[in-house]
Amino acid sequence: MARIIAGVGSSHVPAIGAALDNGKTEEPYWKRVFSGFEKSKQWMAQAKPDVAIVVYNDHASAFSVEMIPTFALGCAAEFPPADEGWGPRPVPVVKGHPALAAHIAQSVILDEFDLTIVNKMEVDHGLTVPMNLLFGQPKDAWPCPVIPLAVNVVMYPPPTGHRCYMLGKAIRKAVESYPEDLNVVIFGTGGLSHQISGPRAGLINSKWDKSFLDNLTRDPKKLTRIPHIEYMREAGAEGIEMVMWLIMRGALDDKVDEVYRFYTVPASNTAVGHIILENRRKAAGKSRSAGKARAAGKSRQAAARKSTQRIASKGTR
Ligand SMILES: [Fe+2]
């Protein structure tokens, strides 16, 4: 059986990708941002997921304003990086997991979530920047297959936080009914507070962001009741991206362990938020290899938790 072992929330600020691509990570402005993800990369290297589901939004790269699906699941074998105006980012082509993606599509659609199935798609910074932040900058290949889930948060009306949360639950059910023994990590990306145009351009609301992160861990159902207008008012026009984190959260246990958090402002004109939440009932490990691998899986997760718990208090809050 496949299982979701953890959720990762991460901003996907395009300027972070540009800083990576242009070798600016050691500049003081950017070092402050990237240093917050060093322990996260260690955690991910230890977690070693077999598959990542990355919830993100397309920024008019794969979908123009002529057609914007609310939820689009990438079922292709690969997803090349999109040209966002200055050439494709120098990152590896994202390899998909068509079998698991098709299984998720079937399960979720039969559970009455009407996903759009996408068999050809390029992916932009919304997906590749969080991949870099958690997996580093591999030259040839990302360390695991990725199933992209693109959510419309660019044209009104985006889905509600509650709908996103419930979709996360449906995705979890789908993953857990997949027969192959896979450890899956799910990403929720975007945000946190930011507005890129208009009279309030540059808006950052750290107090609201941190409250959102607190409740993401402790009381996500409270977050599902936030109306769109509150996201817009408190977190800026693009702060609505935060509903995507609720898909990730819905796919986890009701009670989770927050093993790491990082928050800093600004990056570009955006607040950067990051969180790692682990499911508690992750005793399984790899059942196909029985005890030995199961024990290894447990010990790996325990080691990951130990290391991240050590640094949790050091993360900027
Ligand atoms: Fe975005």
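Provided above is the structure to which this section pertains.
Participant: Sorry, what's going on with the overall build of the protein chain here?
Facilitator: Assigned secondary structure in the protein chain consists of eleven helices and ten strands. Looking at the protein chain residue by residue over its 317 residues, the buried ones come to 56%. Residue pairs at least 24 apart in sequence account for 81% of intrachain contacts in the protein chain once pairs closer than 6 positions are excluded. About 13200 Å² of surface is accessible on the protein chain, with carbon and sulfur atoms providing 54% of the total.

Participant: Quick question: what am I supposed to make of the coordination of the iron ion here?
Facilitator: The coordination sphere of the iron ion contains the protein donors His12 (NE2), His59 (NE2) and Glu241 (OE), at a distance range of 2.0 to 2.1 Å. Sequence positions of the residues that donate to the iron ion give the spacing H-x46-H-x181-E. Placement of the pair is His12 in the loop between β1 (3-10) and α1 (14-21) and His59 in the loop between β2 (51-56) and β3 (71-74), with a sequence separation of 47 residues.

Participant: What's the story with the layout of surface pockets in this structure? I'm lost.
Facilitator: Gaps left between atoms are located by rolling a probe of water-molecule size over the structure's atoms. Estimates place the volume of the largest pocket at around 480 Å³. Lining the largest pocket are 25 residues; nearest its centre among them are Val153, His194, Ile196, Glu238 and Glu241. Counting residues per element, the ones that place at least two in the lining of the largest pocket are α1 and α9 (228-235). For the lining of the largest pocket, the leading source of residues is α9, giving three residues.

Participant: Teacher, can you tell me more about the pattern of salt bridges here?
Facilitator: Side chains that carry opposite charge are capable of pairing whenever their charged atoms lie near each other. Evaluated as defined, the whole model comprises 13 salt bridges. Its salt-bridge partner being Asp111, residue Lys173 comes within 3.1 Å of it at the nearest N-O pair. In this pair, Lys173 sits in helix α6 (residues 161-176) while Asp111 sits in the loop between α4 (98-110) and β6 (116-118), placing the two residues 62 residues apart along the sequence. Assessed through its relative accessible area of 47%, Lys173 is described here as partly exposed. Among the ionic contacts, a cluster of salt bridges with common partners joins Arg172, Glu176 and Asp253.

Participant: Help me understand the sheet that holds β2, please; the structure alone is not making it clear to me.
Facilitator: The strands that make up a sheet pair up through hydrogen bonds in the backbone, lying either parallel or antiparallel. Spatial ordering of the open sheet is given by β6-β3-β7-β2-β8-β1-β10-β9, a layout of eight strands whose pairing is mixed. On the outer flanks of this sheet lie β6 and β9 (256-267), each paired with one strand and no other. Pairwise comparison of adjacent strand axes, ignoring direction, gives a mean angle of 20° for this sheet. Sheet topology places β2 next to strand β7 (residues 146-151); five bridges connect them, and they run parallel. The residue bridging Ile53 from the neighbouring strand is Ile147, located in β7. Contacting β1, β2, β7, β8 (183-189) and β10 (270-279), helix α5 (residues 125-135) runs over the sheet at an angle of about 120° to β8.

Participant: Would you mind showing me how to read unusual backbone geometry here?
Facilitator: Leaving glycine out, the prevailing phi sign among residues is negative, and the prevailing peptide bond configuration is trans. Omega for the bond connecting Tyr156 with Pro157 falls within 30 degrees of zero, at 5°, which places this linkage in the cis form. Note that Pro157 resides in the loop between β7 and α6. In this structure, the amide linkage connecting Val265 to the following residue, Pro266, adopts the cis form with an omega of -15°. Structurally, the position occupied by Pro266 is in strand β9. Located in the positive-phi region is Ala60, a residue other than glycine, with phi close to 60°. Structurally, the position occupied by Ala60 is in the loop between β2 and β3. The exposed category is assigned to Ala60, whose relative accessible area is 59%. A positive phi is found at Glu112, a non-glycine position, where the angle reads about 75°. If you trace the backbone, Glu112 turns up in the loop between α4 and β6.

Participant: Would you mind showing me how to read the side chain of Ser40 here?
Facilitator: Note that Ser40 resides in helix α3 (residues 38-47). Its relative accessible area of 0% is what places Ser40 among the buried residues. Among residues more than four places away in sequence, those in contact with Ser40 are Leu134, Tyr260, His274 and Ile276.

Participant: How do you make sense of the packing of aromatic side chains when you look at a structure like this?
Facilitator: Centre distance and the angle of the planes are the two values used to describe a pair of aromatic rings. Under the criterion given, the structure shown has eight aromatic pairs. On the basis of an interplanar angle of 80° and a centroid distance of 6.4 Å, the ring pair of Phe212 and Trp245 is categorised as edge-to-face. On the criterion of sequence distance, the pair formed by Phe212 in helix α7 (residues 206-218) and Trp245 in helix α10 (residues 243-250) is long-range, its members being 33 residues apart. Each member of the pair, Phe212 as well as Trp245, carries the same accessibility label: buried. The cationic tip of Arg32 hangs over the ring face of Tyr29; the distance from NZ or CZ to the ring centre is 5.0 Å.

Participant: Honestly, the environment of Leu246 in this entry has me stumped. Any pointers?
Facilitator: Inspection of the secondary structure assignment puts Leu246 in helix α10. Among the residues examined, Leu246 registers a relative accessible area of 0% and is labelled buried. A sequence separation of 22 residues divides Leu246 from Thr224, and the C-alpha atoms of the two residues are 7.5 Å apart. In this view, Leu246 contacts Gly161, Cys164, Tyr165, Leu216, Pro220, Leu223, Thr224 and Tyr231; residues no more than four positions away in its chain are not counted.

Participant: I keep staring at the side chain of Thr224 and nothing clicks. Help me out?
Facilitator: Looking at the secondary structure, you find Thr224 in the loop between α8 (220-223) and α9. For Thr224, a relative accessible area of 11% corresponds to the buried category. If sequence neighbours within four positions are ignored, Thr224 has contacts with Gly161, His162, Tyr165 and Leu246.

Rules of the game
Residues numbered from 1 in each chain as written. Predicted model: local features only at pLDDT ≥ 70, side-chain atom pairs only at ≥ 80, totals over all residues. Heavy atoms only, no water. Helix = DSSP H or I, 4+ residues; strand = E, 2+ residues; numbered from the N terminus. Buried < 20%, exposed > 50% of the residue type's maximum accessible area, 1.4 Å probe, protein only. Contact = heavy atoms within 4.5 Å. Areas by Shrake-Rupley, 256 points an atom, 1.4 Å probe, with all protein chains shown as cover. Donors = N, O, S within 2.8 Å, 3.2 Å for Na, K, Ca; no water. 1 Å grid on protein atoms, 1.4 Å probe; cavity = no way out; pocket = protein on both sides within 12 Å on 5 of 7 lines; lining within 4 Å. Points joined across faces, edges and corners; volume = space filled by probe spheres on them. Salt bridge = Lys/Arg side-chain N within 4 Å of Asp/Glu carboxyl O. Pairing = 2+ DSSP bridges. Axes fitted to C-alpha atoms, helices over the stretch in contact; angles between N-to-C directions. Phe/Tyr/Trp six-rings, centres within 6.5 Å; stacked < 30°, edge-to-face > 60°. Lys NZ or Arg CZ within 6 Å of the ring centre and 35° of its normal.

Keep in mind these values describe shape, not function.
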